[in-house]
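Listed below, chain by chain, are the residues.
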Amino acid sequence: MRVGIHSGRVHCGVLGLRKWQYDVWSNDVTVGSNMEQSGSPGRIHVSGTTLSCLNGEYEVIESDGGKTNKYLLENHIKTYFVTSGSRRDPMPRRQLSQRRTNSKNRASFRNRMRGDGDSNGPGTGRSGGAAIRNKLGLTELSEKEVVKNPEDDIHDYLSKAIDARSLDRLRTEHCKKLTLTFRDPKAEKKYSGTRDKRFRSYAIGATLLGFVVSGLHLLLTLSESYRYVGAYLTGLLFLPFILIYISAEKWMCLPKPIRRVSAVVWNNRLVGQTVALFMVAVIFFLSSLGWTSDEFGGVMSATSGLNCNASQLIPTTTTKSVIIFDLDKRFYSPVRGSDSRCINLDRYSRPIYIFLCVLLAMLSCSVFNLLNTTVKFCTVAGIMLITVIGLFVSPMGNALDVRDAAVDYCANHCAADLTATKWHVIAVFALFVILITAHGHRIESMLRLDFLWKMQANDEKDEMEKLQAYNKTLVLNILPAHVADHFLHIERRNEDLYSELCEDACIMFAKITNFSEFYVELEANNEGVECLRLLNEILADFDEMLSEDRFNTIEKIKTIGECYMAASGLTAATADHVQFRHVAQLADYAMAIREQLITVNEHSYNSFTLRIGLSMGPVVAGVIGAKKPQYDIWGNSVNISSRMESTGVPDKIQVTEEVFKVLEPLGYTFQARGSVQVKGKGLMTTYFLTGKSD
């Protein structure tokens, strides 16, 4: 191995748009390169600047590299060969071996900690990211990560997860206390536009309650049900119609306009709430039909004589209440046996059962979970208010008063300490309002928290997808797409490498011949940074052209300083072994970047020229390196292409005889150059590619 070392100042970074490669540039880098070229195999060639940094710790002898190398001679660089190791106490060989062994053990421990696998198969790490890093060779962990206890990581993760799932914290942070609406208007708008997948189930439950209410009314007012037939039919037809209207979205046999209108109910929460309130209103209408029944007048006339006067009142020290839903059987035995009206007192309890139907109407409001707490409270409170008003103005309310008097006369010995049934009804309705509101508040709270979790999960998913896309972009700027897929989607062991034999590949080297004269480090150009900026623009233009469809078989390999390397036909999908379309594309690309450089010269007032070499033949493509994997190609054809560039002429495209034989039948024009002496190959017949005939 030939080693050259020089110390100095460098500019670090990446150039171009594709195949990002960290590199260094400066005059000192050029010196270091020439130190290697002028050195000797098996020896370390150092400059005088480097020697001054060693503080005399190594024994050296002066070399003649500074005299034989033109660049080193022009810059007056003194060179030396290192003849012995450091003069410090050398580390015992056994201690050095032990340190290397410990280093390997630590590396193996780090791989196991990360779950990257062992020698028996692919890794089974905690995340796919670790597996990807393993496949790319990025398995090294810092000492800080190695020392950290894995249990601490688990505890930290669980603590964060539990904290993120805290209901109280989420509710307090994102929702208002009473209305439960989101503090963020955007989140509230997004929640209002969410689709409730159980809306059809709500409508089915409400429809069933409507039929139950109608059936109870028919039984309670059987003697005069003919008066309400029209109202019952209207209400009972509305409910199934709404249910069918809601379900029409998935019925493909219906016309699209009907299904489109049905979809509005599903996708717009406000429209869905309006439909739900309409169904509740229909059920309440059905439950209130019997309030004006003539049967209540019969109750009042039948019990008109069953009341207590002042002389019949019995003093008592206990307070009794009438059980409004079911009179106890002991009250049915006539206290006043001579009055047969007391025997059938239970038939006067029908108004109470009608009020139970109203409670079912209130219950239908709780069926719809898409109604928020405020709407539910206003709805059931409105039903209660209308019912309370009906208690005091409708015949049904008067019938309850008369019934209370009859109960006091027949079953309570005229004690006059009974609570009126009206107040019991009001108390029950108030209790229902409280329970339905509390239930709605609880349901809405859970629905909104579930929406928050889903929104957070979607945000995390989007962030993960963005990060994955970003990481993939970085990988694709290091490796070709087919190679990146090979490492990202196929489980392989750590030591598995990627290599592929490519027949008939075409290789291009293009060098800006006079850029080294253009590059100078002066204060006026920011010590050479502006020169590198222009080089980056040129390389970026070359990279951008590769995104065009006409160059879809070409793959950029790398840049070596001001030299641009590309190849075509490196995969089975891009190689054309019959018409050699990939060779023609690389020839077109070589002429295109030459024209592009002319455009750059016109705008930058420079006179850069390209020296391009083309060859074709079999190559081996693969990835080298573990910490900084790099895609490259090797083979005799690559060396010949490099020689075609180095022995070429500025502003010319020199090709081998094989390329000439492939491209000439395709209409490309050439100029014969003759035989050229090529290092390691001898005399070779070459041609200059001049263009393409129409």
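Caption draft 1: Geometry of the overall build of the protein. Summing up its helical and strand segments, the protein has 25 helices and 18 strands in all. Scored against the burial criterion, the 694 residues of the protein give a buried share of 41%. Sequence separation of 24 or more characterises 72% of the internal contacts of the protein that already satisfy a separation of 6 or more. For the protein, the exposed surface amounts to about 37800 Å²; the carbon and sulfur share of it is 57%.

Caption draft 2: Molecular detail of a negative patch on the surface. Residues D459, E460, D462, E463 and E465 make up a contiguous surface patch of negative charge. Relative to the assigned elements, E465 resides in helix α19 (residues 421–476). Relative accessible area serves as the criterion here: at 39%, E465 is assigned to the partly exposed category.

Caption draft 3: The arrangement of the packing of helix α14 (residues 269–287) against helix α17 (residues 373–393) in detail. Packing of α14 against α17 brings their axes to within 12 Å, and their N-to-C directions diverge by 20°. Judged on the interaxial angle alone, α17 and α14 are roughly parallel. At the point where α14 passes α17, the crossing takes the right-handed sense. Each of L277, V280 and F284 in α14 lies in contact with α17, whose residues at this interface are V375, T379, I383, I386 and T387. Residue classes in the contact of α14 with α17 are distributed as six nonpolar, two polar and no charged.

Caption draft 4: Region of the structure containing the nonpolar core. One finds M508, Y564, Y589 and I593 to be the most contacted residues of the largest nonpolar core, which totals 48 residues. For this core, the element with the highest residue contribution is helix α23 (residues 581–604), accounting for 11 residues. What I593 contacts, discounting residues up to four positions off in sequence, is M508, A510, F542, M545, L610 and I612. The next biggest cluster of nonpolar side chains, apart from the first, holds 46 residues, and it includes L243, V265, V282 and F368.

Caption draft 5: The environment of N267, seen in detail. Of note, N267 is situated in helix α13 (residues 256–267). Overall, the relative accessible area of 40% leaves N267 in the partly exposed class. It is 6.3 Å that separates the C-alpha atoms of N267 and G193, two residues lying 74 residues apart in sequence. Those residues in contact with N267, other than ones at most four positions away along the chain, are G193, T194 and R195.

Caption draft 6: Seen up close, the side chain of S38. Here S38 lies in the loop between α1 (27–37) and β4 (44–47). What makes S38 buried here is its relative accessible area of 14%. Among the polar contacts made by the side chain of S38, one reaches the main-chain carbonyl oxygen of N34 at a distance of 2.8 Å. Residues in contact with S38, not counting those within four places in the same chain, are H45, G65, N69 and L72.

Caption draft 7: Geometry of the packing of α17 against α19. It is the contact of α17 with α19, at a shortest axis distance of 9 Å, that shows an interaxial angle of 170°. The angle between α17 and α19 places the two elements in the roughly antiparallel class. Across from T373, K376, F377, V380, A381, M384, T387, V388, L391 and F392 in α17, the residues of α19 making contact are K422, W423, V425, I426, F429, A430, V433, I436, T437, G440, H441 and E444. Of the residues that constitute the contact of α17 with α19, the class distribution is 14 nonpolar, five polar and three charged.

Caption draft 8: Broad picture of α17. Here α17 is 21 residues long and its end C-alpha atoms lie 30 Å apart, about the 30 Å a rise of 1.5 Å per residue gives. Inspection of α17 places T373, K376, T379, V380, I383, M384, T387, V388, G390 and L391 among the buried residues, and these make up the whole buried set. Projected onto a plane normal to the axis of α17, the buried residues spread over an arc of 165° and lie on a single side. Those residues of α17 that are exposed and angled more than 90 degrees off the buried face are L385 and V393.

Caption draft 9: Summary view of the pattern of salt bridges. Within this structure, the stated rule accounts for 11 salt bridges. As a salt-bridge pair, K556 and D543 come within 3.2 Å of each other at their nearest N and O atoms. Taken together, the residues K556 in strand β12 (residues 554–560) and D543 in helix α22 (residues 529–545) connect sequence positions 13 residues apart. With a relative accessible area of 1%, K556 lands in the buried category. Take D543: its relative accessible area is 1%, and that puts it in the buried class.

Caption draft 10: Quick look at a nonpolar patch on the surface. On the surface, L385, I389, F392, V393 and W423 cluster together into a nonpolar patch covering about 550 Å² of accessible area. The element that contributes the greatest number of residues to the nonpolar patch is α17, accounting for four residues. Tracing the backbone shows F392 in helix α17.

How each quantity is defined
Residues numbered from 1 in each chain as written. Predicted model: local features only at pLDDT ≥ 70, side-chain atom pairs only at ≥ 80, totals over all residues. Heavy atoms only, no water. Helix = DSSP H or I, 4+ residues; strand = E, 2+ residues; numbered from the N terminus. Buried < 20%, exposed > 50% of the residue type's maximum accessible area, 1.4 Å probe, protein only. Contact = heavy atoms within 4.5 Å. Areas by Shrake-Rupley, 256 points an atom, 1.4 Å probe, with all protein chains shown as cover. Patch = residues over 30% accessible without salt bridge, like charges linked within 9 Å, V, L, I, M, F, W, Y side chains within 5 Å. Salt bridge = Lys/Arg side-chain N within 4 Å of Asp/Glu carboxyl O. Lys, Arg positive; Asp, Glu negative; His and termini not counted. Charge placed at Lys NZ, Arg CZ, Asp CG, Glu CD. Axes fitted to C-alpha atoms, helices over the stretch in contact; angles between N-to-C directions. Parallel < 35°, antiparallel > 145°, perpendicular 65-115°, else oblique. Left-handed = near helix turned anticlockwise from the far one by under 90°. Nonpolar A, V, L, I, M, F, W, Y, C, P; charged D, E, K, R; others polar. Core = buried A, V, L, I, M, F, W, Y, C linked by side-chain atoms within 4.5 Å. Polar contact = N/O pair within 3.5 Å; in protein donor to acceptor, adjacent residues only side chain to side chain. Expected span 1.5 Å × (residues − 1). Arc of directions from axis to C-beta.

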